[in-house]
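A look at the structure
Below, each chain spelled out in residue letters.
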Amino acid sequence: MVNIKETTEEARQAFDEIIDLLTALPATKLNEIPFEGSWTAGQLGQHIILSAGGFVEVINGPTSETKRDPEEKVQAIRGMFLDFSFKMKSPESIVPEEKQYQLIALLEKLLDIKEKFLASIKTLD
């Protein structure tokens with residue numbers, strides 16, 4: 001059984017850490033490429049917005065009853081996303097545009113997605 005309180009806290013903490021990292025970054029670094037082949041912090045923020053925003057839409061969309069334990073894949077997914085040596089190629093739909101990002105706009109979108117995500121955890125089965 002999914003622990004709503006624990007899931008809510010983990011989601012809140014994940015969003016807060018991303019927001020804190022972006023907020024702590026000097027403004028001059030937001031759109032600076034840290035090393036060849038990488039994204040800027042602004043692009044990373046936009047990537048999270050695109051992926052997390054899409055996830056909110058998916059979980060609030062049409063669903064059907066599952067025949068497996070809802071937590072069956074949690075450990076595998078957690079392990080994959082927390083293995084920072086493992087590099088994945090992003091699907092084109094969530095590749096951030098190469099442009100100058102504005103911190104306030106990124107933060108507003110992240111906070112909106114965070115609130116929608118937390119509301120979904122509380123209200124959806």
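A few points on the structure.

Calculation rules
- Residues numbered from 1 in each chain as written.
- Predicted model: local features only at pLDDT ≥ 70, side-chain atom pairs only at ≥ 80, totals over all residues.
- Heavy atoms only, no water.
- Helix = DSSP H or I, 4+ residues; strand = E, 2+ residues; numbered from the N terminus.
- Areas by Shrake-Rupley, 256 points an atom, 1.4 Å probe, with all protein chains shown as cover.
- Lys, Arg positive; Asp, Glu negative; His and termini not counted.
- Charge placed at Lys NZ, Arg CZ, Asp CG, Glu CD.
- Polar contact = N/O pair within 3.5 Å; in protein donor to acceptor, adjacent residues only side chain to side chain.
- Contact = heavy atoms within 4.5 Å.
- Salt bridge = Lys/Arg side-chain N within 4 Å of Asp/Glu carboxyl O.
- Buried < 20%, exposed > 50% of the residue type's maximum accessible area, 1.4 Å probe, protein only.
- Core = buried A, V, L, I, M, F, W, Y, C linked by side-chain atoms within 4.5 Å.
- Phe/Tyr/Trp six-rings, centres within 6.5 Å; stacked < 30°, edge-to-face > 60°.
- Axes fitted to C-alpha atoms, helices over the stretch in contact; angles between N-to-C directions.
- Parallel < 35°, antiparallel > 145°, perpendicular 65-115°, else oblique.
- Left-handed = near helix turned anticlockwise from the far one by under 90°.

Considerations on the overall build of the protein chain
Looking only at helices and strands, the protein chain has four helices and zero strands in total. In terms of principal-axis extent, the alpha carbons of the protein chain reach across some 50 × 30 × 25 Å. Split by element, the accessible area of the protein chain, about 9500 Å² in all, is 59% carbon and sulfur. Taken as two groups, the 14 positive and 21 negative side-chain charges of the protein chain have centres that lie 1 Å from each other.

Remarks on the side chain of T8
Relative to the assigned elements, T8 resides in helix α1 (residues 4-24). There is a polar contact of 2.7 Å between the side chain of T8 and the backbone oxygen of I4. Excluding anything up to four places from it in sequence, T8 contacts L118, I121 and K122.

Some details on the pattern of salt bridges
The final tally for this structure, using the stated rule, is six salt bridges. Across the salt bridge formed by K114 and D16, the nearest N and O atoms sit 2.5 Å from each other. Remark: D16 occurs in helix α1 and K114 occurs in helix α4 (residues 103-123); sequence separation between them is 98 residues. Relative accessible area serves as the criterion here: at 9%, K114 is assigned to the buried category.

Re the nonpolar core
In terms of nonpolar packing, the biggest core is built from 17 residues, with L110, I113 and F117 touching the most fellow members. Here the element with the most residues in this core is α4; it accounts for seven residues. Setting aside chain neighbours within four positions, we find L110 in contact with F15, I18, I19, L22, G45, I48 and I49.

Re the packing of aromatic side chains
Summed over the entire model, instances satisfying the criterion amount to two aromatic pairs. When the ring of F55 is compared with that of F117, the centres are 5.7 Å apart and the planes differ by 40°; the resulting orientation is tilted. Of this pair, F55 sits in helix α2 (residues 41-59) while F117 sits in helix α4, placing them 62 residues apart in sequence. Under the relative-accessibility criterion, F55 is labelled partly exposed at 41%. What links up through ring pairs into an aromatic cluster is the set F15, F55 and F117.

Focus on the packing of α2 against α4
A pair of packed helices can be characterised by two numbers: the angle between their axes and the separation between those axes. Put simply, α2 and α4 touch, their axes get as near as 10 Å, and they point 25° apart. Classed by the angle they form, the pair α2 and α4 counts as roughly parallel. Note that α2 runs across α4; the crossing there is left-handed. For the pair α2 and α4, contact is made by G42, G45, Q46, I48, I49, A52, G53, F55, V56 and I59 and by L106, K109, L110, I113, K116, F117 and S120, respectively.

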